[in-house]
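# Report on the structure
Each chain is listed here by its residues.
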Amino acid sequence: FDLVELAEQVQKADQFTRATASSKLTVIAEQVRFLQEQARKVLEDARLNALLHQTSCNFKKIPGKTYYVYKQRKNPDQEFISMISPQEWGASGPEFVAAYRLEHDMSWTEERDMERRGNELMLINKILDAGTNVQFNFLPSQYQASRC
């Protein structure tokens, strides 16, 4: 090796190192953008859940049931939650806003997302149920010892 070849190798190594770091940082930047979007959705859902829980209602809400939001006739700037669907009200009913199902975790699912959310919950329950049938042939202390 002469000094010129050695300098070229060092320069190539620097370029590869820079390219590798750059590509890894690009992946991290994409992950950050994804997490920011997830955080925005979580905050948006929390805001909607809080608004729905604060909307006036004259009955005890039961998880798993669908409820309907309407504008108040006397004060259209305010809304209320009802158990009565727009079909049950008929043409004489108040102005319909949206339908939501109260989930067991006390969050709300909009009508258009109910099927998707139901499918997600079924899948999650299958995974959780499968996990309860797992048989372990060792003690937790043996598991901890094998990890060391």
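The structure displayed is predicted, hence computed values, not measured ones.

Check the secondary structure of the protein chain and you find four helices and four strands. Reading the secondary structure of the protein chain in the N-to-C direction produces α-β-β-α-β-β-α-α. Taking all 148 residues of the protein chain together, 17% fall into the buried category. Taken as a whole, the protein chain presents about 12200 Å² of accessible surface, with 57% of it coming from carbon and sulfur.

A separate point is the pattern of salt bridges. Under the defined criterion, the tally for this structure stands at eight salt bridges. Between Glu-37 and Arg-40 there is a salt bridge whose closest N-O contact spans 2.4 Å. One end of the pair is Glu-37 and the other is Arg-40, both in helix 1 (residues 3–54) and three residues apart, which spans about a single turn. Look at Glu-37 and you get partly exposed, because its relative accessible area is 31%. You can call Arg-40 partly exposed: its relative accessible area is 39%. Measuring nitrogen to oxygen at the nearest pair gives 3.7 Å for the salt bridge that ties Glu-79 to Lys-71. One network of salt bridges, in which partners are shared, links Glu-37, Arg-40 and Glu-44.

What counts, and where the lines are drawn
Residues numbered from 1 in each chain as written. Predicted model: local features only at pLDDT ≥ 70, side-chain atom pairs only at ≥ 80, totals over all residues. Heavy atoms only, no water. Helix = DSSP H or I, 4+ residues; strand = E, 2+ residues; numbered from the N terminus. Buried < 20%, exposed > 50% of the residue type's maximum accessible area, 1.4 Å probe, protein only. Areas by Shrake-Rupley, 256 points an atom, 1.4 Å probe, with all protein chains shown as cover. Salt bridge = Lys/Arg side-chain N within 4 Å of Asp/Glu carboxyl O.

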